[in-house]
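One-letter residues, chain by chain:
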Amino acid sequence: MNTTALKSAGLGNAPGDAVEGRAKIFKMTQAAEEAVLRPQDYGRWSHELRAAFAARIALQYDERALSDQYAASAGAFASLAEPSQDGADDGLETVVAFMDKVATDTRNVTAADIAGLQAAGISDADIVRLCELNAFLAYQLRVIAGLRLMKDGYA
Amino acid sequence: MTEVITKFTRTVPHWQPRVKPVDLKDASADQLAALQVTPSNTKISEYVLTLAHDVESLQVRSPLFNAIMYDRGGMSRAERELGALAASMVNHCIYCAAVHAARHADLEKSTDVTDKLFRDGAQAELDPRDRAIFDFAVALSETPSQAGPQHMAALISAGLDEAEILDLILSSALFGWANRLMHVLGEPVRPPKTVG
């Protein structure tokens, strides 16, 4: 199965019976990646900017190879992949700070964080789009980390 | 005034969105199709109407969610709920924790495990199998994941087979996703009491 999650976990070629038994889930996971990284209705967030956020989040999860893979599609936004960049050069500091908090400090997100995006002129639909991108990556990066441990545990 | 709930509970709160959900009368054809709105099905939760702002994600998310939590084989449904609950406790998603603690109690026909977890936190006394499941899911839910070979070894020695471990990875990771929608886009509230 040619999916980002399986390839990143080193299970692209011989995934084993357990993964084969859940093949439908891995195909749907790949479809979900398409929906957040390359949607037709991308709103305010271009495919390149989405790739940059994905690269940044992958690095926050210590997934350097996958981060580089996402960053290759990030065009002019590629520098945002580096967590030290705050987005100010692109006028995105509020959005970048929000994405960082949702990715790495979820439990402390409050109503004020959403209100801050609204005050910066971000529409509600674009706020939902940001959350879906961030939330999907939280899932996929954990699937990758878990699969890698499973593969080694049964090696 | 509505009261925001900040403590874990098995009583499922009302979820109050922080953004304006899609209004059905303004919904696009794609949104109506994703919401499966029909003349006999017009009751859609505010949560799903909020997610309808990103219709392409909503379309793939719902069947994926159901497959991970309910497809046959592999890990028991109650143990998948325990993985979901562990993630929700790490991310402090009160709403998700309530829903999935209630489902766990329902499936197990016992509130014992979830009572202990809500009373004593992650260090609550659990049987060895639940302990290994809960600890793995908690570690995987940190950012970045803190799950290591010792957690995997504990699952294997607690008797989980590979298919069960895969379902645990999927169900706890899925709540890394769900918590970042529920806990970020809205808050759990107790509706105002009716006076008089």
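Just so it is clear, the structure is predicted and the values come from calculations on it, not from any experiment. (Residues numbered from 1 in each chain as written. Chains lettered and ligands numbered in written order. Predicted model: local features only at pLDDT ≥ 70, side-chain atom pairs only at ≥ 80, totals over all residues. Heavy atoms only, no water.)

Peer 1: So what's going on with the sheet that holds strand E1 (residues 3–4) of chain B? Which residues, and what values?
Peer 2: Residue and element names in this part refer to chain B. The 3 strands lie next to each other as E1-E3-E2, forming an open sheet whose pairing is antiparallel. The strands lining the two open edges of the sheet, one partner per strand, are E1 and strand E2 (14–17). Contacting E2 and strand E3 (186–190), helix H9 (residues 162–185) crosses the sheet at an angle of about 65° to E3. (Pairing = 2+ DSSP bridges. Helix = DSSP H or I, 4+ residues; strand = E, 2+ residues; numbered from the N terminus. Contact = heavy atoms within 4.5 Å. Axes fitted to C-alpha atoms, helices over the stretch in contact; angles between N-to-C directions.)

Peer 1: Give a detailed account of the packing of aromatic side chains, specifying residues and quantitative values.
Peer 2: One pass over the structure, following the stated rule, counts 6 aromatic pairs over all chains. Centre to centre, the rings of Trp 15 of chain B and Tyr 47 of chain B are 5.1 Å apart; their planes meet at 80°, and the pair counts as edge-to-face. Of this pair, Trp 15 of chain B sits in strand E2 while Tyr 47 of chain B is found in helix H2 (residues 46–51), placing the two residues 32 residues apart along the sequence. Since its relative accessible area comes to 10%, Tyr 47 of chain B is described here as buried. Among the aromatic residues, those joined into a ring-pair cluster are Phe 136 and Tyr 139 of chain A together with Trp 177 of chain B. (Phe/Tyr/Trp six-rings, centres within 6.5 Å; stacked < 30°, edge-to-face > 60°. Buried < 20%, exposed > 50% of the residue type's maximum accessible area, 1.4 Å probe, protein only.)

Peer 1: Residues and numbers for the interface of chain A and chain B, please.
Peer 2: Across the boundary between the two partners, chain A contributes 50 residues, which contact 54 residues of chain B. With both sides pooled, the region where chain A packs onto chain B buries about 4,400 Å², and carbon together with sulfur makes up 68% of that total. Our count for the chain A to chain B interface comes out at 3 salt bridges. The partner of Arg 107 of chain A in a salt bridge is Glu 142 of chain B, and the shortest N-O contact between them spans 3.4 Å. Joining chain A to chain B, the criterion identifies 24 residue pairs in polar contact (both at pLDDT 80 or more). Mapped onto the side of chain A that touches chain B, the elements with two or more residues apiece are helix H2 (17–21), helix H3 (23–37), helix H6 (93–104), helix H7 (111–119) and helix H8 (124–153) of chain A. Here the side of chain A that touches chain B gets 20 residues from one element, more than from any other, and that element is H8 of chain A. Per-class residue counts for the side of chain A that touches chain B are 31 nonpolar, 10 polar and 9 charged. (Buried area = accessible area lost by both parts, 1.4 Å probe. Salt bridge = Lys/Arg side-chain N within 4 Å of Asp/Glu carboxyl O. Polar contact = N/O pair within 3.5 Å; in protein donor to acceptor, adjacent residues only side chain to side chain. Nonpolar A, V, L, I, M, F, W, Y, C, P; charged D, E, K, R; others polar.)

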